[in-house]
Amino acid sequence: MLRVENIDTYIGGSHIIQGLSLSVEKGGAVCILGRNGVGKTTTLRTIMGLTPPRSGRILIEGEETTKLPPHKIARRGVAYVPAERHIFPDLTVEENLILAERPSDRADAWTIDRVYGYFPVLSSRRRQDGTTLSGGEQQMLCIARALMGNPKIMLLDEPSQGLSPLLVKTVVQIVRRLFKESELTLLLVEQNFRIALQLAKKHYLMGTKSKIQAIVSSEEIMKDEEIIKRHLSL
Ligand SMILES: Nc1ncnc2c1ncn2[C@@H]1O[C@H](COP(=O)(O)OP(=O)(O)OP(=O)(O)O)[C@@H](O)[C@H]1O
Ligand SMILES: [Mg+2]
C-alpha cells in the first residue's frame with residue numbers, strides 16, 4: 001500500500017528525516033514508536049506531501065507520489081489526521097463531515113450513517129458546533145471526517161494526545177474496531193506503546209534523526225516490553 005524509500009526531509013535547513021525507509025502492506029496496521037522530536041510527525045507530513053522530501057521516493061500502491069502536492073496525494077487515497085485537532089469553525093459536526101465527503105463506488109464505501117455507527121456520540125451531537133466538542137469528541141470527529149473521504153490508508157498522529165485515560169480508552173476501542181472491520185490500512189504514530197499494541201501489529205522503533213533502531217511485532221513487545229527501552233531508552 002505504502003512504500004517509503006530512503007527519504008531525506010529538511011525543514012528550514014535542518015536535516016530532520018535522514019534516510020528513512022518503511023513499508024505498510026495493504027490492510028496492515030503499522031506504528032512508528034519514538035520519543036519527542038525524533039521526526040514522527042515530519043514523516044507523516046512528508047508522506048502527505050506537506051513537507052516533501054529532498055531525496056528518496058514515496059510510492060502509494062506502487063505509484064510514485066514523491067513530488068505530488070497534498071491534494072493529489074489525498075486523491076490517491078491517503079488521509080492524514082494530525083495530532084492537533086483542526087475542526088472547521090462555525091460548522092456543525094455534521095457539516096464538518098459532509099464537507100469532507102468524497103464519494104466512492106466501492107462496495108464498502110463510507111457514508112455518514114456508517115460513520116455515525118462507529119461514533120454514536122457524533123450522531124447525537126450532529127447539530128452542535130464542531131469546536132464546542134470535548135477533546136475526545138474532536139479527535140473522533142477528525143477520524144470520522146477522514147473516513148468520509150473514503151481513504152485507502154490513514155496516517156494517524158498520536159490520537160491519544162491530550163486526552164484523559166478514559167477518553168483514550170474509548171477512542172482506541174472505536175479505532176480498533178474500525179480497522180478490524182474494514183479494509184483500511186493504518187500508519188500510526190505513537191509514544192505510548194500500550195496504545196500502539198492495541199492498534200498496530202508491526203512497530204518501527206524510531207530514534208533521533210528518524211533512525212529506525214528496530215522493527216518489532218506486537219508479540220515481541222508483549223513477550224518482552226524492555227525491548228522498546230533497549231532501543232529507544234524510553
Ligand atoms: N516547522 C519547523 N521548524 C523547525 N523545526 C521543526 C519544524 N517542525 C519540526 N521541526 C523539528 O524537527 C524535529 C522533528 O519534529 P517532529 O514534529 O517530526 O517530531 P515528533 O517525533 O513528531 O515529536 P513529538 O512526539 O513531540 O510530536 C524536531 O527536532 C523539531 O524541532
Ligand atoms: Mg509529533
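Preceding block: the structure.
A short tour of the structure in this document, coming up. (Residues numbered from 1 in each chain as written. Chains lettered and ligands numbered in written order. Predicted model: local features only at pLDDT ≥ 70, side-chain atom pairs only at ≥ 80, totals over all residues. Heavy atoms only, no water.)

## What about the overall build of the protein chain?
Threshold: Only DSSP runs of H or I with at least four residues qualify as helices, and only runs of E with at least two residues qualify as strands; both kinds are numbered from the N terminus onward. Put simply, the radius of gyration uses C-alpha atoms, and a globule should come to 2.2 Å times the residue count raised to 0.38. A 1.4 Å probe rolled over the protein chains alone gives each residue an accessible area, and that area as a share of the maximum for its type sets the label: buried under 20%, exposed over 50%, partly exposed in between. Every residue pair with non-hydrogen atoms within 4.5 Å of one another is taken to be in contact. Accessibility throughout is a Shrake-Rupley quantity obtained with a 1.4 Å probe, and a residue counts as covered only by protein chains that appear here. His is not counted here, nor are the chain ends, while Lys and Arg score as positive and Asp and Glu score as negative. Where a charge lies is defined by one atom per residue type, namely NZ (Lys), CZ (Arg), CG (Asp) and CD (Glu).
Each helix and strand in the protein chain was counted, giving 10 helices and 10 strands. Taken over C-alpha atoms, the radius of gyration comes to 17 Å for the protein chain, in line with the 17 Å a tight globule of 234 residues would show. Taken across its 234 residues, the protein chain has 51% of its residues classed as buried. When contacts within the protein chain are restricted to residue pairs at least 6 apart in sequence, long-range pairs at least 24 apart make up 68% of them. In the form shown here, the protein chain has an accessible surface area of approximately 11100 Å², with 50% of it arising from carbon and sulfur atoms. Between the averaged position of the 32 positive side-chain charges in the protein chain and that of its 26 negative side-chain charges there is a distance of 3 Å.

## So, the sheet that holds strand 4 (residues 55-60)
Definition in use: Pairing between strands is defined by DSSP: at least two bridges between the two strands are required. With axes taken as lines fitted to C-alpha atoms, and helix axes fitted only over the stretch in contact, angles between N-to-C directions fall between 0 and 180 degrees.
In spatial order, the strands read 2-1-4-5; together these 4 strands make up an open sheet with antiparallel pairing. Each end of this open sheet is capped by a strand with a single partner; those strands are strand 2 (14-24) and strand 5 (63-64). Pairing analysis gives 5 bridges linking strand 1 (residues 2-11) to strand 4, with the strands arranged antiparallel. Paired with Asp8 across the bridge in strand 4 is Ser55. Contacts from helix 1 (residues 40-47) reach strand 1, strand 2 and strand 4, with the element oriented near 110° to strand 1.

## Some details on the site of ligand 1
What counts is decided by this rule: Here a residue is considered near a molecule or strand provided that any single heavy atom belonging to it is located within 4 Å of it. Any residue that is not Ala, Val, Leu, Ile, Met, Phe, Trp, Tyr, Cys, Pro, Asp, Glu, Lys or Arg is counted as polar, Gly included; the first ten are nonpolar and the last four charged.
Ligand 1 sits among Ile11, Ile16, Arg35, Asn36, Gly37, Val38, Gly39, Lys40, Thr41, Thr42, Glu158 and Gln191. Taken by itself ligand 1 offers 640 Å² of open surface, and the protein chains cover 56% of this. The biggest single contributor to the shell around ligand 1 is helix 1, with 3 residues. Tallied by class, the residues present in the shell around ligand 1 amount to 3 nonpolar, 6 polar and 3 charged.

## Examining the pattern of salt bridges
Filter applied, for reference: Salt bridges are identified by distance alone: a Lys or Arg side-chain nitrogen within 4 Å of an Asp or Glu carboxyl oxygen.
For the structure on display, the rule yields 14 salt bridges. Among the salt bridges present, the one from Lys26 reaches Glu61, with a minimum N-O distance of 2.9 Å. With Lys26 in the loop between strand 2 and strand 3 (29-34) and Glu61 in the loop between strand 4 and strand 5, the pair connects residues that are 35 residues apart, well separated along the chain. Relative accessible area serves as the criterion here: at 36%, Glu61 is assigned to the partly exposed category. Between Glu64 and Arg57 there is a salt bridge; the shortest N-O distance is 3.5 Å. For Arg57, a relative accessible area of 35% corresponds to the partly exposed category. Here the salt bridges do not stand alone but share partners, grouping Arg3, Glu5, Arg57 and Glu64 into one network.

## Re the environment of Gly162
Take Gly162: it is sitting in the loop between strand 7 (153-157) and helix 7 (165-181). Gly162 sits in the exposed class, given a relative accessible area of 77%. In this structure the C-alpha to C-alpha distance between Gly162 and Thr9, which are 153 residues apart in sequence, comes to 27 Å.

## Description of helix 7
As a reminder of what qualifies: To estimate how far a helix should extend, the number of its residues minus one is multiplied by 1.5 Å. Note: the arc covers the axis-to-C-beta directions of the helix.
When the terminal C-alpha atoms of helix 7 are compared, their 24 Å separation across 17 residues agrees well with the 24 Å that a helix rising 1.5 Å per residue should span. Within helix 7, the full set of buried residues consists of Val168, Val171, Val172, Ile174, Val175, Leu178 and Phe179. The arc that holds every buried residue of helix 7, seen down its axis, measures 165°, which confines them to one face. Looking at helix 7, the residues exposed on the side facing more than 90 degrees away from the buried face are Pro165, Leu166, Lys169 and Lys180.

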